[in-house]
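# Descriptive structure summary
Letter by letter, the chains look like this.
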Amino acid sequence: MSNYAVSASVLSADLLNLESEIRKLSEAGVDMIHFDVMDGVFVNNITYGLPVLKSIKKLSPDMLLDVHLMITNPLKYVREFAESGADIITFHIESQSDTMKTIEELYKTDVKRAIALKPDTPAESVFPYMKYLDMVLVMTVEPGFGGQKFMDMSNKIRAIRNYADEHNIDIDIQVDGGIDDKTAPVVKKAGANILVSGSYLFRSENLSETADSLRKAVD
Ligand code: DX5
Ligand code: ZN
């Protein structure tokens with residue numbers, strides 16, 4: 001994994017023209033595609049799943065697919081998502097699946113392993129698992145929808161970064177929700193290095209420039 005990266009959330013893309021949207025992202029040099037899977041139970045929204053992920057992988061095999069599972073029972077599905085093209089799989093610590101069993105299931109695949117924390121979940125809850133993970137995702141909005149207002153989680157990000165440094169754990173910290181040119185420097189300062197961007201990126205006039213400016217904010 002590169003030190004700093006932008007992961008484009010296709011939730012804000014024009015889904016009717018997903019193919020050209022993905023091509024644009026690839027041409028704009030976006031590092032990863034953030035793929036939000038919602039089951040209507042873990043969050044109050046339903047998005048897309050395995051067949052769409054497979055199609056994206058087929059279209060752009062070289063782009064990293066960063067799958068964010070907002071589902072009740074990730075343990076049941078991680079293997080299928082891995083086989084469908086995911087490069088990184090993030091599941092929520094608040095889900096109903098046993099956290100360690102889900103990590104073990106991920107170890108059976110060759111995807112990167114990550115855990116997400118909702119805004120009310122403390123940093124400490126992920127500490128015991130960090131040595132088994134490649135990434136921690138700190139949500140800066142309540143999961144479920146794009147275009148929400150950023151919640152400052154700097155203290156949580158800092159606590160996770162400090163714990164990683166103190167225990168020599170090499171880990172990425174991703175942030176997701178309300179990231180734009182103003183909030184990117186805030187999360188970077190706290191220790192995040194992968195920025196998910198949905199509405200800000202897709203609403204911009206020039207995708208490539210916006211991706212660059214976000215990446216620079218963390219360079
Ligand atoms: C929200 C999703 C996010 C969302 C981010 O539950 O996990 O990935 O698409 O969208 P923005 O960048 O618009 O907040
Ligand atoms: Zn997400």
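Summarised in this report is the structure supplied together with it.

Thresholds applied
- Residues numbered from 1 in each chain as written.
- Chains lettered and ligands numbered in written order.
- Predicted model: local features only at pLDDT ≥ 70, side-chain atom pairs only at ≥ 80, totals over all residues.
- Heavy atoms only, no water.
- 1 Å grid on protein atoms, 1.4 Å probe; cavity = no way out; pocket = protein on both sides within 12 Å on 5 of 7 lines; lining within 4 Å.
- Points joined across faces, edges and corners; volume = space filled by probe spheres on them.
- Helix = DSSP H or I, 4+ residues; strand = E, 2+ residues; numbered from the N terminus.
- Nonpolar A, V, L, I, M, F, W, Y, C, P; charged D, E, K, R; others polar.
- Donors = N, O, S within 2.8 Å, 3.2 Å for Na, K, Ca; no water.
- Tetrahedral: all angles 85-135°; square planar, octahedral: opposite > 155°, others 65-115°.
- Pairing = 2+ DSSP bridges.
- Axes fitted to C-alpha atoms, helices over the stretch in contact; angles between N-to-C directions.
- Core = buried A, V, L, I, M, F, W, Y, C linked by side-chain atoms within 4.5 Å.
- Buried < 20%, exposed > 50% of the residue type's maximum accessible area, 1.4 Å probe, protein only.
- Contact = heavy atoms within 4.5 Å.

This part covers the layout of surface pockets. Size it by volume and the largest pocket reaches roughly 340 Å³. Around the largest pocket, the lining is made up of 29 residues, and of these Gly146, Gly147, Gly177, Gly178 and Ser199 lie nearest the centre. Mapped by element, the contributors of at least two residues to the lining of the largest pocket are strand S2 (32-38), strand S3 (64-70), strand S8 (194-197) and helix H7 (199-203). The dominant element in the lining of the largest pocket, judged by the number of residues it contributes, is H7, at three residues. Here the lining of the largest pocket is built from residues that sort into eleven nonpolar, 13 polar and five charged.

A word on the coordination of the zinc ion (ligand 2). In the first shell of the zinc ion (ligand 2), the protein supplies His34 (NE2), Asp36 (OD), His68 (ND1) and Asp176 (OD), at 2.1 to 2.3 Å from the metal. The coordination sphere of the zinc ion (ligand 2) comprises six donor atoms, whose angles at the metal cover 71 to 172°; the geometry is octahedral. The motif formed by the donor residues of the zinc ion (ligand 2), counted along the single chain, is H-x1-D-x31-H-x107-D. With His34 in strand S2 and Asp176 in strand S7 (residues 172-176), this residue pair connects regions lying 142 residues apart in the sequence.

On to the sheet that holds strand S5 (residues 112-117). Here we have eight strands rolled up into a closed barrel, ordered S1-S2-S3-S4-S5-S6-S7-S8, and parallel in their pairing. Within the sheet, the average angular offset between the axes of one strand and its neighbour, ignoring direction, is 25°. Sheet analysis places strand S4 (residues 88-92) next to S5, joined by five bridges and oriented parallel. Looking at the pairing, Phe91 lines up with Ile115 of S5.

Turning our attention to the nonpolar core. Val10, Leu25, Ile89, Val126, Met130, Ile160 and Leu201 are the most contacted members of the largest nonpolar core, which has 62 residues in total. Every residue in contact with Leu201, bar those within four places of it in the chain, is listed here: Ala8, Leu25, Val30, Leu207, Thr210, Ala211 and Leu214. If you look at the next biggest cluster of nonpolar residues, it comprises six residues, including Ala5, Met32, Ile88 and Ala114.

Our next topic: the side chain of Gln174. On the secondary structure map, Gln174 appears in strand S7. Exposure remark for Gln174: the relative accessible area of 0% places this residue in the buried category. Setting aside its immediate chain neighbours within four residues, Gln174 contacts Ser7, His34, Asp66, Met135, Val136, Leu137, Val138, Ile194 and Val196.

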